[in-house]
Amino acid sequence: MTQTQQLINKLPKIKMEDLDGDGNWVTVIKTPYAFIGDYDRLCISGEEGDSLLDYYGEYRDGCPYICSELEAWAAKHGGFWEWLNPGAIMFCEA
């Protein structure tokens, strides 16, 4: 197993509020949709409808957004997130 795959396996499960099929708010646990990008880099997609990322800040007062749990996870693992493109972030070691 590569180091990147090991990092993917350690990603946090994130508790958040979401709408169920009846339009009611419920607590759900979401795991970020991760993939291995170029140069064997851990990447997280922001296009899975889980609201963990928002490059354009459409739902965050116009500011790019990465959820605090992912920010804390990156710091704990000696790195930070960079935007790969408007739809994904990439883990970079500090």
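Residues numbered from 1 in each chain as written. Predicted model: local features only at pLDDT ≥ 70, side-chain atom pairs only at ≥ 80, totals over all residues. Heavy atoms only, no water.

**Quick notes on unusual backbone geometry**
So, point 1. The phi dihedral of Tyr 39 is positive, around 60°, even though this residue is not glycine.
So, point 2. Its location among the elements puts Tyr 39 in the loop between strand 3 (34-37) and strand 4 (41-45).
So, point 3. Residue Asp 40 is not a glycine yet carries a positive backbone phi of 60°.
So, point 4. Relative to the helices and strands, Asp 40 resides in the loop between strand 3 and strand 4. (Helix = DSSP H or I, 4+ residues; strand = E, 2+ residues; numbered from the N terminus.)

**Side note on the packing of aromatic side chains**
So, point 1. Overall, the coordinates contain five aromatic pairs when judged by the stated rule.
So, point 2. A centroid spacing of 5.5 Å and a plane angle of 65° characterise the contact between Trp 73 and Phe 91, whose relative ring orientation is edge-to-face. Residue Trp 73 is located in helix 2 (residues 68-76), and its partner Phe 91 is located in strand 8 (residues 88-93); the two are separated by 18 residues in the primary sequence. Both residues of the pair, Trp 73 and Phe 91, count as buried.
So, point 3. In this structure an aromatic cluster arises from ring pairing among Tyr 55, Tyr 56 and Trp 83. (Phe/Tyr/Trp six-rings, centres within 6.5 Å; stacked < 30°, edge-to-face > 60°. Buried < 20%, exposed > 50% of the residue type's maximum accessible area, 1.4 Å probe, protein only.)

**Observations concerning the pattern of salt bridges**
So, point 1. Summed over the entire model, instances satisfying the criterion amount to one salt bridge.
So, point 2. For Lys 30, the salt bridge is made with Asp 18, and the minimal N-O distance between the two is 2.9 Å. Placement of Lys 30 in strand 2 (residues 25-30) and of Asp 18 in strand 1 (residues 14-19) is noted, with a sequence separation of twelve residues between them.
So, point 3. When its relative accessible area of 27% is taken as the criterion, Asp 18 is described as partly exposed. (Salt bridge = Lys/Arg side-chain N within 4 Å of Asp/Glu carboxyl O.)

**Brief notes about the environment of Asp 18**
So, point 1. Once the C-alpha coordinates of Asp 18 and Val 28 are considered, the two residues, ten residues apart in sequence, prove to be 6.6 Å apart.
So, point 2. With residues near it in sequence (within four places) discarded, Asp 18 still touches Asn 24, Trp 25, Val 26, Val 28 and Lys 30.
So, point 3. Side chain to side chain, Asp 18 and Lys 30 meet in a polar contact 2.9 Å long. (Contact = heavy atoms within 4.5 Å. Polar contact = N/O pair within 3.5 Å; in protein donor to acceptor, adjacent residues only side chain to side chain.)

**Description of the nonpolar core**
So, point 1. With 17 residues, the main nonpolar core has Leu 42, Ile 44, Leu 70, Trp 73, Trp 81, Ile 89 and Phe 91 as its most contacted residues.
So, point 2. Within the residue set of this core, elements represented by two or more residues are helix 1 (3-9), strand 1, strand 4, helix 2 and strand 8.
So, point 3. Looking at this core, the element that brings in the most residues is helix 2, giving three residues.
So, point 4. When residues no more than four places from it in sequence are discounted, the contact partners of Phe 91 are Leu 7, Arg 41, Leu 42, Trp 73, Ala 74, His 77, Gly 78, Gly 79, Phe 80 and Trp 81. (Core = buried A, V, L, I, M, F, W, Y, C linked by side-chain atoms within 4.5 Å.)

**Observations regarding the pairing of strand 7 (residues 79-85)**
So, point 1. Taken together, the six bridges between strand 7 and strand 8 define a ladder with antiparallel strand orientation. Of the residues in strand 8, the one forming a bridge with Trp 83 is Ile 89.
So, point 2. Connecting strand 7 to the next strand, strand 8, in antiparallel fashion are two residues. (Pairing = 2+ DSSP bridges.)

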